[in-house]
Amino acid sequence: MPIKPNVFLVGAGPGDPGLITARGAELLRRADVVLYDYQANPALLNLTRPECERIAVGGPAQDPMNPQPKPIELLLEKAHTGGVVVQLMNGDPFIFGRGAEECEALLSAGVLFEVVPGVIEGLAAPEYAGVPLTARKLSASVTFISERMQDGVPDGLDWPALARVKGTLAIELRLDRLRDICGQLIEGGLDAATPAAVIARAVSPSQRSLLSTVHEAASAAEQAGLGSPVLAVIGPVAQYHQRLNWFETRPLFGRRMAITRDPAGNAALAERLLELGCEPLPIPLIQIIPPTIPRYLKEAVQRLEHYDWIAFTSVHAVQNFMECLRENGLDSRALGGVKIAAVGAVTAASLTAWGITTDVRPEKRMTSAELARRICEGADVRGRSVLFPCADIARDDLPNALRDAGAHVDCVVAYQTRAHRPDNFNEVTDAMLRGEIDAVLFASSSAAMAFADFAGASRFPQIAQHTLFAVIGPSTKDALELLGVKNILQHPEDYSIDGLLTVLCEHFTKKPAQPEPPSSESPDSQSWA
């Protein structure tokens, strides 16, 4: 008899991967098997270990020639393997979900389980549309409704009775049912002028919402082309949408951008883009791998006392160098007699994470050559030894400038950069040709060259004509210009991710309209029938 659960029903939340609970994220990291709802955000699977078995369940239709086991049958099968099994369910397992059925089956089979709550769409969607479900003097209650269909017949909900419920109605439904439901609510006594917010593709960068009335909501949603399914929020609180719609007013909201860094770099950049309302499309064109001959870096680490300076021009160089240091039984104290230089704020921050402070303060507009100049300005490097842990394809600007100043420079490969053609490359580039991608972002010239190579001579010029290329530094811009690209965006002074995001926001943000004068009455002070 097991003494602790090995099956976990985890609520995935409504779409934004950041809304999963801490407990849910922890279990995904521990999981041996994840059965995930096809509606759950696949980005959550990035939390799992590489060896974790991931199986999609609950799709809209199955191939009759290749039937799949039912989710409950599959859950029971995996439960008896003894590993940590996570059933990742869209929204919450018990609210408008089938979690109770799974629990009953597990209980009958003698399998211990745990249920981890998730944020439901009925709660998250209104908040992402700036609609509080309750508010003082307007609504003291909320009713959540999922309008299900069985054999084409609506569930037997008493809409006229619901019309008499004081408070807010949050209804998940198909758009083609909205007109009939609103009509029944009005027939039941609800004022036709009651505010109604309609939200489609909620809690995602493609969310769309509008504010109307119960009488006009269906027509307004159809004319706006919102599509199904939608969440309708009916009640006085819906009026807040007009002023508090914080999510859809983000500077990059609704934009789609391809990001081309290595997987770890893409993950960090995707998080920043999501915060700005953008939909990131990762196409990792670069792989970071260990050096072919690692002993050169090891030998450099073992003779640190011979160096006066160490220059870092990337986070990868810092990471691999420090890991090599640790593998040789050393830590940051081994660098006590060495001065440290970093090319930018991100590289400097990665050193800080290891307990190391740079001696050359990085500036926003700094290249490798500029870093060398700053080192020489602060000290006489003639006869000094400099260690430069770098990529196998690192540029010669920094070592050449230091050697010209009289320094001895050892360039040691700390990592290798390799071009990588991702599986979704054609899919994303096809979208570029259709004008469906607003920008493609590059953090290095190697990624830009790989993109052009993979796209090919026939497709690359067409993509360049239809798509904005946004880059971090001048070397990447130079590489694209050599390829004939003219539509390039780059911050003129800040060669960093922050600079890249700033210039993108400036480019895509139009001058906002003048706000309407504030009403003499706040929403809290208004009364509605």
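What counts and what doesn't
Note that residues are indexed from 1 along each chain, following the sequence as it is written. This being a predicted model, a pLDDT of at least 70 is required before a residue's local features are given, and a value of 80 or more before pairs of side-chain atoms are given or counted; all residues contribute to the totals for chains, interfaces and linings. The basis for every side-chain value is the complete set of heavy atoms in the structure, and neither hydrogens nor water enter the calculation. Any Lys or Arg side-chain nitrogen found within 4 Å of a carboxyl oxygen on Asp or Glu counts as a salt bridge. Partly exposed residues are those whose accessible area sits between 20% and 50% of the maximum for their type, while under 20% is buried and over 50% is exposed, using a 1.4 Å probe and protein chains only. For this analysis, a nonpolar core means a set of buried residues of the types Ala, Val, Leu, Ile, Met, Phe, Trp, Tyr and Cys, connected via side-chain atoms within 4.5 Å. Secondary structure elements follow DSSP: runs of H or I no shorter than four residues count as helices, runs of E no shorter than two count as strands, and numbering proceeds from the N terminus. Only heavy atoms matter for contacts: two residues are in contact if any of them lie within 4.5 Å across the pair. Two cysteine sulfur atoms form a disulfide, by the criterion used here, when they sit within 2.5 Å. This arc describes the spread of directions from the helix axis toward the C-beta atoms. Paired strands, in this sense, are two strands between which DSSP finds at least two bridges. Comment: axis = line fitted to C-alpha atoms, over the contacting stretch for helices; angle = value between 0 and 180 degrees taken between N-to-C directions. Note on scores: pLDDT gives the predictor's confidence for each residue, bounded by 0 and 100. Centre distance within 6.5 Å is the pairing criterion for rings of Phe, Tyr and Trp, where only the six-membered ring of Trp is used; planes under 30 degrees apart are then read as stacked, over 60 as edge-to-face, and the remainder as tilted. Any N or O atom pair separated by 3.5 Å or less is treated as a polar contact, with the protein-specific requirement of one donor-capable and one acceptor-capable atom, and with residues adjacent in sequence counted only for side-chain atom pairs.

## Side note on the pattern of salt bridges
A pair can form between side chains of opposite charge whenever their charged atoms are brought close. In total, this model carries 25 salt bridges according to the counting rule given. Two residues, R395 and D397, come together in a salt bridge whose shortest N-O distance is 3.2 Å. Judged by its relative accessible area of 29%, D397 falls in the partly exposed class. Three or more residues joined by partner-sharing salt bridges are found here, namely R23, E26, R30 and E114.

## Remarks on the nonpolar core
Grouped together as the largest cluster of nonpolar side chains are 27 residues, with contacts concentrated most on M432, F442, F451, F469 and L480. Residue assignment for this core shows that the elements contributing at least two residues are α15 (425-433), β20 (439-442), α16 (445-466) and β21 (468-471). For this core, the element with the highest residue contribution is α16, accounting for ten residues. Those residues in contact with F451, other than ones at most four positions away along the chain, are I283, L285, F425, T429, M432, V440, F442, F460, I463 and F469.

## Quick look at the state of the cysteines
Overall, the coordinates contain zero disulfides when judged by the stated rule. Of all cysteine sulfurs in the structure, the one in C390 sits closest to C411, which takes part in no disulfide; the separation is 5.2 Å. The partly exposed category is assigned to C411, whose relative accessible area is 39%.

## Here's the deal with the environment of I72
Of note, I72 is situated in helix α2 (residues 71-79). Sequence separation between I72 and E481 is 409 residues, and the spatial gap between their C-alpha atoms is 56 Å. Residues within four places of I72 in sequence aside, it is in contact with E101, E102 and A105.

## Description of unusual backbone geometry
At the junction of S228 and P229, the peptide bond is cis and its omega measures out at -10° in the coordinates. Position of P229 among the secondary structure elements: in the loop between α7 (217-224) and β12 (230-234). Positive phi outside glycine occurs at R201, with the angle close to 50°. Mapped onto the elements of the fold, R201 is located in the loop between β10 (195-200) and β11 (208-213). Looking at R201, the relative accessible area reads 39%, which means it is partly exposed. We note that V203 has phi near 60°; this positive angle belongs to a residue other than glycine. By the element assignment, V203 lies in the loop between β10 and β11.

## Some points on helix α3 (residues 99-108)
The set of residues buried in α3 consists of G99, E102, C103, A105 and L106. Buried residues along α3 cover an arc of 165° about the axis, so they all sit on one side. Residues of α3 that are exposed and point over 90 degrees away from its buried face: E104, L107 and S108. Buried-residue contacts for α3 involve β1 (7-11), α2, β4 (85-89) and β5 (113-116).

## Points about the sheet that holds β20
If you walk across this open sheet you meet the five strands as β14-β13-β20-β21-β22, and the pairing is parallel. Because the sheet does not close on itself, it has two edges, and the strands there are β14 (279-282) and β22 (488-490). In this sheet, neighbouring strand axes are inclined to one another by 30° on average, regardless of whether the strands run parallel or antiparallel. In the sheet, β21 pairs with β22 via three bridges, with the strands oriented parallel.

## A closer look at the confidence of the model for the chain
Parts of the model with low pLDDT should not have their predicted coordinates read in detail. Of the residues in the chain, 92% reach a pLDDT of 70 or more, and the chain-wide mean stands at 89. Taken as a whole, residues 511-529 scores under 50 in pLDDT and shows 20 contacts with residues more than four places along the chain or in a different chain.

## Focus: the packing of aromatic side chains
Here the structure, examined in full by the defined rule, presents twelve aromatic pairs. Look at Y128 and F247: their rings are 4.9 Å apart centre to centre, the planes differ by 65°, and that puts the pair in the edge-to-face class. Note that Y128 is positioned in helix α4 (residues 121-128) and F247 in the loop between α8 (241-244) and β13 (256-259), a separation of 119 residues in sequence. Assigned by exposure class, Y128 and F247 land together as buried. Both rings, one in F451 and one in F460, keep their centres 6.1 Å apart while their planes meet at 65°; by these two values the pair is edge-to-face. Both residues of the pair, F451 and F460, belong to the buried class. Through a chain of ring-to-ring contacts, the aromatic side chains of F425, F442, F451, F454, F460 and F469 assemble into a single cluster.

## Some remarks on the sheet that holds strand β16 (residues 309-312)
With mixed pairing, five strands are arranged side by side in an open sheet as β15-β19-β18-β16-β17. Each end of this open sheet is capped by a strand with a single partner; those strands are β15 (286-289) and β17 (339-342). Neighbouring strand axes in the sheet, compared pairwise and without regard to direction, differ in orientation by 25° on average. Bridge analysis of β16 against β17 gives four bridges, and the strand direction is parallel.

## A word on the side chain of D494
Here D494 lies in the loop between β22 and α18 (497-508). In this structure the side chain of D494 is engaged in a polar contact, spanning 3.5 Å, whose partner is the backbone nitrogen of G499. Aside from chain neighbours lying at most four places away, what touches D494 is K364, I472 and G499.

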